[in-house]
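The primary structure of each chain is shown beneath.
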Amino acid sequence: MKKPMIIGLTGSIGMGKSAVAVMFADEGVPVFDADAAVHDLQKAGGTLVPAIELAFPGTTGVDGVDRQALGAAVFGDRDRLALLESIIHPAVAERRKAFLTSHQDADMILFDIPLLFEKRGQAGVDTVVVVSAPAPVQRERVLARPNMTPDKFEHILALQMNDADKRARADHVIDTGKDIHETRADVRALIKMLRAGLA
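Residues numbered from 1 in each chain as written. Predicted model: local features only at pLDDT ≥ 70, side-chain atom pairs only at ≥ 80, totals over all residues. Heavy atoms only, no water.

Participant: For this particular structure, what's the right way to read the side chain of D163?
Facilitator: Among the secondary structure elements, D163 is positioned in helix α8 (residues 163-169). Take D163: its relative accessible area is 14%, and that puts it in the buried class. (Helix = DSSP H or I, 4+ residues; strand = E, 2+ residues; numbered from the N terminus. Buried < 20%, exposed > 50% of the residue type's maximum accessible area, 1.4 Å probe, protein only.)

Participant: Mind showing me how you'd approach the pattern of salt bridges here?
Facilitator: Two side chains that carry opposite charge are able to pair once their charged atoms sit near each other. Overall, the coordinates contain 11 salt bridges when judged by the stated rule. Of the charged contacts in the structure, one is a salt bridge between R195 and D107, with a shortest N-O distance of 2.7 Å. Of this pair, R195 sits in helix α9 (residues 180-198) while D107 sits in the loop between α5 (78-102) and β5 (108-112), placing them 88 residues apart in sequence. The class of R195 is partly exposed, set by a relative accessible area of 30%. On the basis of relative accessible area, D107 is assigned to the partly exposed category, the value being 33%. Put simply, D163 and R167 hold a salt bridge, and the shortest N to O gap is 2.9 Å. Linking D163 with R167, this pair stays in helix α8, spanning four residues, or about one helical turn. Here the residues in one salt-bridge network are D40, K43 and R95, joined through shared partners. (Salt bridge = Lys/Arg side-chain N within 4 Å of Asp/Glu carboxyl O.)

Participant: Where do I start with the environment of V187 in this structure?
Facilitator: In this structure, V187 sits in helix α9. Along the chain, V187 and P114 lie 73 residues apart, while their C-alpha atoms are 18 Å from each other. Once you skip the residues sitting within four places of it in the chain, V187 turns out to touch V20, M23, F24 and I174. (Contact = heavy atoms within 4.5 Å.)

Participant: Please clarify how the sheet that holds strand β2 (residues 31-33) should be interpreted in this entry.
Facilitator: Strand pairing in a sheet relies on backbone hydrogen bonds. The paired strands run either parallel or antiparallel. Across the sheet, five strands lie side by side as β2-β5-β1-β6-β7; this open sheet has parallel pairing. Edge strands, defined here as strands with exactly one partner in the open sheet, are β2 and β7 (172-175). Neighbour-to-neighbour, the strand axes of the sheet open up by a mean angle of 25°, direction not taken into account. Sheet topology note: the strand β6 (residues 127-132)/β7 ladder contains four bridges and is parallel. Within β7, the position partnered with V131 by the bridge is I174. Here α9 sits on the sheet and contacts β1 (5-10), β5, β6 and β7; the angle it forms with β7, its principal contact strand, is near 160°. (Pairing = 2+ DSSP bridges. Axes fitted to C-alpha atoms, helices over the stretch in contact; angles between N-to-C directions.)

What follows is the structure, encoded as structure tokens:
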């Protein structure tokens, strides 16, 4: 049986990646959302809650992981961030593997992975789609988020590969800096082109 094409979707914060992932799902492409998997693993009763509490005491409670407290615990400390990632990433990889197994009849599957390039995940996908928008649009979107500050935004950007490098490494780029209907049309055209290549 032919394996599904694995599409890796990535893009820096505020570029509209989640919106584009929904557009792929709307076209019938199964989507694995790495961030959603992390949320599930960290919610009340989530399998990672005990390990995170052990490594970062006081960052969990009755509702699971307190994301703000955990963010503060690792903010600006690459070693502590690496420790957190060593707890989270293997668990997410297991979820992704199970998702792939349960959708092996699909012609293509999309992996929505924010740090695809930063964590060298591109080797595990067949083609990479980068979501991009002009820097002013990105900044406006991110600073409109609750609890976001210019300093926090700059810190997040510093942890991510810059947009120009991502676009240079991409197999395909989806521009979200324009009308949403145009972006949706671009997504449909890309899916059609990828499916034609599988025929």
